[in-house]
Amino acid sequence: SENEELEEVASADLKFMQLPALLGALTLKQVDLSRRKEHLESAREHFLRFLKLCRNYGLGSFQLPPGQEEPGSPSAPWDPAQPNLVAMAMSRTAKIERYKQKKELENKLASMSSSVESGTADEDQIREFYILQIQKWIGTSLEEIESIDQELVILKSRDAARQAPAGPRGPSRPARAPMKPFILTRDAAQARVFGAGYPGLPTMTVDDWYEQRRKQGIVSQQGFGEPGSPPCASDEEMQKQKQETEEEEDDEEALRKARDWDDWKDTHPRGYGNRHNMG
């Protein structure tokens, strides 16, 4: 009851005052991301109800979040995006002081928990133990409300970004038909050779391929050398093509040298004339 004093509450009943804070902590552990905002707002209400209860009984010295200062008064509509909620963040000195108090409470509770749990503690020790637990949850509730407000601002900004109309986009490019595989050859002679070996795949020379791409508007004549040369060919590629052309022209000479070498090997055994392997 709001008209009740702390001394009138039985020591065994003090632990039930932590119930709203425990409900808030349990609600924060929900993992359903689709209902995250709902869970945050519900947990905030649990923590606020606990803080107001402690404020009514005079447990601890703290200030409620903005808009909740007067116990029992109807709260103003709460909007986490309002600038006044940013002002609820504690100063650095206050946070350090709260941290020190929290560590002191934890140390006291650790030293008293064994006697209370074992049943050897007297009435005064049990009462002090539950009051220390309530004071610890007061600091935890203030910290959780601050974190909840910050996360709600982020969620609200995310939802606003999702609902914002998309900006104008440029004309969509037409879908390009998938290319069928083919064998790219250097000239018509190679096309006949490879076509005989792979009858399932069509063959196409470089000149034919370039001419087809030029008609489709994919490549242009600008930036190319002689007609029929591969598009955007670098100096290294041009030099390589030139070398291959020269090799083809010298095929007869290379063939003659290879035949002479085979004839020479037939008449000269291996190691013939090697004077370094004597003995």
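One can find the structure itself at the top, above this paragraph.
The present account deals with the structure reproduced in this document. (Residues numbered from 1 in each chain as written. Predicted model: local features only at pLDDT ≥ 70, side-chain atom pairs only at ≥ 80, totals over all residues. Heavy atoms only, no water.)

Attention now goes to the overall build of the protein. A count of helical and extended segments in the protein gives 9 helices and 2 strands. The linear arrangement of helices and strands in the protein, starting from the amino end, is α-α-α-α-α-β-α-β-α-α-α. Per-residue burial over the protein gives 25% buried out of 279 residues. Element-wise, carbon and sulfur atoms account for 52% of the exposed surface of the protein, whose accessible area totals about 20,600 Å². (Helix = DSSP H or I, 4+ residues; strand = E, 2+ residues; numbered from the N terminus. Buried < 20%, exposed > 50% of the residue type's maximum accessible area, 1.4 Å probe, protein only. Areas by Shrake-Rupley, 256 points an atom, 1.4 Å probe, with all protein chains shown as cover.)

This part is about helix α1 (residues 19-28). For α1, the full list of buried residues reads Pro20, Ala21, Gly24, Thr27 and Leu28. The buried side chains of α1 occupy one side of the element, clustering within an arc of 125 degrees when seen end-on. If you follow the buried residues of α1, they end up packed against α2 (36-56) and α5 (123-163). (Arc of directions from axis to C-beta. Contact = heavy atoms within 4.5 Å.)

In an α-helix there are 3.6 residues to a turn, and that puts residues three or four apart on one side. Between its first and last C-alpha, α2 extends 30 Å over 21 residues, near the 30 Å set by a 1.5 Å rise per residue. Buried within α2 we find Arg36, His39, Leu40, Ala43, Arg44, His46, Phe47, Leu48, Phe50, Leu51 and Cys54. One or two steps after α2, the chain reaches glycine 58, where phi turns positive at roughly 70 degrees. (Expected span 1.5 Å × (residues − 1).)

In this section: the pattern of salt bridges. A full pass over the atoms with the stated rule returns 6 salt bridges. Glutamate 151 is the partner of arginine 36 in a salt bridge, and the nearest nitrogen-oxygen pair spans 2.8 Å. Highlighted residues: arginine 36 in helix α2 and glutamate 151 in helix α5, separated in sequence by 115 residues. Note that aspartate 260 and arginine 256 form a salt bridge whose closest N and O atoms lie 3.2 Å from each other. (Salt bridge = Lys/Arg side-chain N within 4 Å of Asp/Glu carboxyl O.)

We now examine the packing of aromatic side chains. Throughout the structure, instances matching the rule amount to 2 aromatic pairs. Plain terms: the ring middles of tryptophan 261 and tryptophan 264 are 5.4 Å apart, the flat faces sit at 10 degrees to each other, and that makes the pair stacked. Here the residue tryptophan 261 and the residue tryptophan 264 both occupy positions in helix α9 (residues 251-267), the gap between them amounting to 3 residues, near one helical turn. Exposure remark for tryptophan 261: the relative accessible area of 49% places this residue in the partly exposed category. (Phe/Tyr/Trp six-rings, centres within 6.5 Å; stacked < 30°, edge-to-face > 60°.)

Quick look at the nonpolar core now. With 34 residues, the main nonpolar core has Phe50, Leu51, Leu59 and Ile138 as its most contacted residues. Where this core is concerned, the elements lending two or more residues are α1, α2, α4 (92-118) and α5. Broken down by element, this core gets its largest block of residues, 12 residues, from α5. If we skip the residues at most four places from it in the chain, leucine 59 touches Leu6, Met17, Cys54, Ile131, Ile134 and Ile138. (Core = buried A, V, L, I, M, F, W, Y, C linked by side-chain atoms within 4.5 Å.)

Moving on to the packing of α1 against α5. Put simply, α1 and α5 touch, their axes get as near as 11 Å, and they point 40 degrees apart. The orientation of α1 relative to α5 falls into the category oblique. The two elements α1 and α5 meet at a crossing, and its hand is left-handed. Along the contact surface, α1 presents Ala21, Leu22, Ala25 and Leu28, while α5 presents Trp137, Ser141, Glu144 and Ile148. Of the residues that constitute the contact of α1 with α5, the class distribution is 6 nonpolar, 1 polar and 1 charged. (Axes fitted to C-alpha atoms, helices over the stretch in contact; angles between N-to-C directions. Parallel < 35°, antiparallel > 145°, perpendicular 65-115°, else oblique. Left-handed = near helix turned anticlockwise from the far one by under 90°. Nonpolar A, V, L, I, M, F, W, Y, C, P; charged D, E, K, R; others polar.)

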